[in-house]
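# Topology and contacts: notes
Below are the chains, spelled out letter by letter.
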Amino acid sequence: MAVLPEKVADISAGDLAVRFHGRDGAPPSGGVIAVPAGANGRVASAARRIDARLDGALGRAITARGLKGRAGEAVEVMLPRESGLSRAFLYGLAAPKTTTAPGDKDNKTATFPKNPPPSATEMTTTQAAERAGAVLYHTLSGANVEEVWVVVGDARLAVSLAEGALLRSWEFSLHTRGSRKERRRLRRLNIVLNDTRTATADFKQREAIARGVFFARALVSEPPNRLYPESFVAAARRELSPLGVKVSALDEKQMRRLGMGALLGVAQGSVREPYLLVMEYRGGAASAAPVALVGKGVCFDTGGISLKPAGGMEEMKYDMAGAAAVTGAMMSIAGRGARANVVGIAGLVENMPDAGAQRPSDIVSSASGHTIEVLNTDAEGRLVLADALWYAQTKFRPRAMVDLATLTGAMVVALGDFYAGCFSNSDELSRDLLRAGRAVQERLWRMPLDAHYDRMMDSRAADVQNIGGGRMAGSVTAAQFLQRFVDAQVPWAHLDIAGVAWSKRALAATAFGATGFGVRLLDRYVRESVERRGRR
Ligand code: BES
Ligand code: MN
Ligand code: ZN
């Protein structure tokens, strides 16, 4: 095989240095400060002393600009030289009246699915702080500020604010020359608060989680000539082994021996060798069954012989975002030392047209024994997942299995770039996942599974076919296909992240491009539903 490209999916781009300082922490002379604008049009209590020193300039700016103290606001105030500071940024910290609410509100009124109400109002305030941090990062970078001293009162809000800034700071820049890399942006975030000890410890955890998000984004951002199954495996090995994750991979021969004809059929048109990446983290009791995370890793999806149109095909470099989310989540989970057993599995292939590629009407057999009639070679993700899911459940006997995949364009049509679809055979698992998603603002909406849709996948020539129903319910039939390979005893959920893995515009927590959707959600799910409950 060719020489591997160097340092694929480098995550060093996340280089915002965050420090917490006690009350005595103070900006150097000529420094830049950021101060919360209180609700009610006044300076927040944490910043009264500073405002007094500035002869009330901050309070007047709040009035003049009509600031409401809500997350998303950030206004610059030039300060006189005698102040010993250069500039102040007034920022909002309180929950905005409408932003994050719609999802929750709609969910509460919806009759199906029934979602639990937001667990606590404090969740909303920390989410607002996260947003405030992201907006501050963006605003300060745009204003050429490289170091800032941010006054925050509450330690928990301070940690969330720092997390928001950190998540927003990552940008894929590996392959640009000079200018963009050297562009001025915020590099040092100093946070002034009362209790630095808990904040510093808490933030360490969040930083570990954020690194997993960055890794996922880096994997997704890399172009397919650099990131292909073999280099994906190499990157995972390089980053995860030092964290105590056992990384291995089944190669083509080993998969052939296991009968993985579905995955191998997709890969056979590509010169890149396919791999089944296996990442094992054991932080829980030796006897406890693991959670299995399974990702679709189609490093590039041309559609195969059922070739996609040229326009927009370049987007299919992110067709491995499910595998990236799983790999990033393994980094987060291991990096923060979770007390849980988790295995991550990624089916890594490239879907290419070629003289040797599989044809529409080919019949392949999966490791589970089911035969599959391939009517459209562009419905390849489900073929890859069929064997990956089978492997996960047979080899690891998981207590729960969650797959993530950019599986269908129909998902983008249905839910756009806000919610991802959640298909599950378990009310409990979907409730846990929806709750975790809400907490980290990676929203899931439960979608149906039903025997009616399942029948649409019956084939005349094999046990199942890989498309069904024309344009009807495309995301549901894809999920039904997957369910045929899942043991009914295993709580399983399929997250179709086709619409949320890549963003064409900057969002609160992400710059343009790869979002890392799923990493924080999976980490949160493990923390709330596996570590906590597992200890009982
Ligand atoms: N990777 C695509 C789905 C996709 C589309 C992801 C847009 C992200 C954005 C998947 O492999 C695919 O091609 N699905 C087909 C299925 C069809 C042939 C039944 C689709 O959605 O059109
Ligand atoms: Mn496809
Ligand atoms: Zn695909």
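See above for the structure.
Residues numbered from 1 in each chain as written. Chains lettered and ligands numbered in written order. Predicted model: local features only at pLDDT ≥ 70, side-chain atom pairs only at ≥ 80, totals over all residues. Heavy atoms only, no water.

Let's shift gears to the overall build of the protein. From N to C terminus, the protein includes 17 helices and 19 strands. In terms of C-alpha radius of gyration, the protein reaches 24 Å, essentially the compact-globule figure of 24 Å for 536 residues. Expressed along its principal axes, the backbone C-alpha trace of the protein runs to roughly 80 × 50 × 50 Å. Counting every position in the protein, which comprises 536 residues, the buried fraction comes to 57%. The long-range share in the protein, meaning contacts at least 24 apart out of those at least 6 apart in sequence, stands at 79%. Of the accessible surface of the protein, which amounts to about 22,100 Å², a share of 50% is contributed by carbon and sulfur atoms. Across the protein, the centroid of the 70 positively charged side chains sits 6 Å from that of the 55 negatively charged ones. (Helix = DSSP H or I, 4+ residues; strand = E, 2+ residues; numbered from the N terminus. Rg over C-alpha atoms; globule rule 2.2 N^0.38 Å. Buried < 20%, exposed > 50% of the residue type's maximum accessible area, 1.4 Å probe, protein only. Contact = heavy atoms within 4.5 Å. Areas by Shrake-Rupley, 256 points an atom, 1.4 Å probe, with all protein chains shown as cover. Lys, Arg positive; Asp, Glu negative; His and termini not counted. Charge placed at Lys NZ, Arg CZ, Asp CG, Glu CD.)

Turning our attention to the site of ligand 1. In the neighbourhood of ligand 1, 16 residues make up the surrounding shell, with K308, D319, D378, E380 and G409 lying closest. Take D378: an N or O atom from its side chain is 2.8 Å from an oxygen atom of ligand 1. Here an oxygen atom of ligand 1 sits 2.8 Å away from a polar atom, N or O, in the side chain of E380. Here ligand 1 has 510 Å² of accessible area as a free molecule, and 79% of this is covered by the chains. (Near = heavy atom within 4 Å. Polar contact = N/O pair within 3.5 Å; in protein donor to acceptor, adjacent residues only side chain to side chain.)

A word on the packing of aromatic side chains. Applying the stated criterion to the full structure yields nine aromatic pairs. Seen from their ring centres, Y318 and W502 are 5.7 Å apart, and the 5° between their planes marks the pair as stacked. Of this pair, Y318 sits in the loop between β9 (291–301) and α11 (321–335) while W502 sits in strand β18 (residues 502–503), and the two are 184 residues apart along the sequence. Residue class for Y318 comes out buried when judged on its relative accessible area of 9%. Taking 6.4 Å as the distance between ring centres and 80° as the angle between the ring planes, the aromatic pair formed by Y391 and F396 counts as edge-to-face. A relative accessible area of 9% means that Y391 is categorised as buried. Between R272 and the ring centre of Y228, over which it is positioned, the NZ or CZ distance is 3.6 Å. (Phe/Tyr/Trp six-rings, centres within 6.5 Å; stacked < 30°, edge-to-face > 60°. Lys NZ or Arg CZ within 6 Å of the ring centre and 35° of its normal.)

Angles between donor atoms at a metal ideally measure 109.5 degrees for a four-coordinate tetrahedral arrangement and either 90 or 180 degrees for a six-coordinate octahedral one. Here the zinc ion (ligand 3) is held by the protein donor atoms K296 (NZ), D301 (OD), D319 (OD) and E380 (OE), which lie 2.0 to 2.4 Å from it. Bound by six donor atoms, the zinc ion (ligand 3) shows angles of 77 to 175° at the metal and therefore octahedral coordination geometry. Ordering the donors of the zinc ion (ligand 3) by residue number gives the pattern K-x4-D-x17-D-x60-E. Between the zinc ion (ligand 3) and the manganese ion (ligand 2) the interatomic distance comes to 3.1 Å, and D301 is a ligand of both metals. Note that D319 is positioned in the loop between β9 and α11 and E380 in the loop between β12 (371–374) and α12 (381–396), a separation of 61 residues in sequence. Across the pair, exposure class does not vary: D319 and E380 are buried alike. (Donors = N, O, S within 2.8 Å, 3.2 Å for Na, K, Ca; no water. Tetrahedral: all angles 85-135°; square planar, octahedral: opposite > 155°, others 65-115°.)

Close contact between α12 and helix α16 (residues 474–483) brings their axes to 9 Å; oriented N to C, the two are set at 30°. By the angle between their directions, the pair α12 and α16 is classed as roughly parallel. Here the hand of the crossing between α12 and α16 comes out right-handed. Counted together, R382, L383, L385, A386 and L389 of α12 and A478, F481 and L482 of α16 form the full contact between these two elements. Classifying every residue of the contact of α12 with α16 by side-chain character gives seven nonpolar, no polar and one charged. (Axes fitted to C-alpha atoms, helices over the stretch in contact; angles between N-to-C directions. Parallel < 35°, antiparallel > 145°, perpendicular 65-115°, else oblique. Left-handed = near helix turned anticlockwise from the far one by under 90°. Nonpolar A, V, L, I, M, F, W, Y, C, P; charged D, E, K, R; others polar.)

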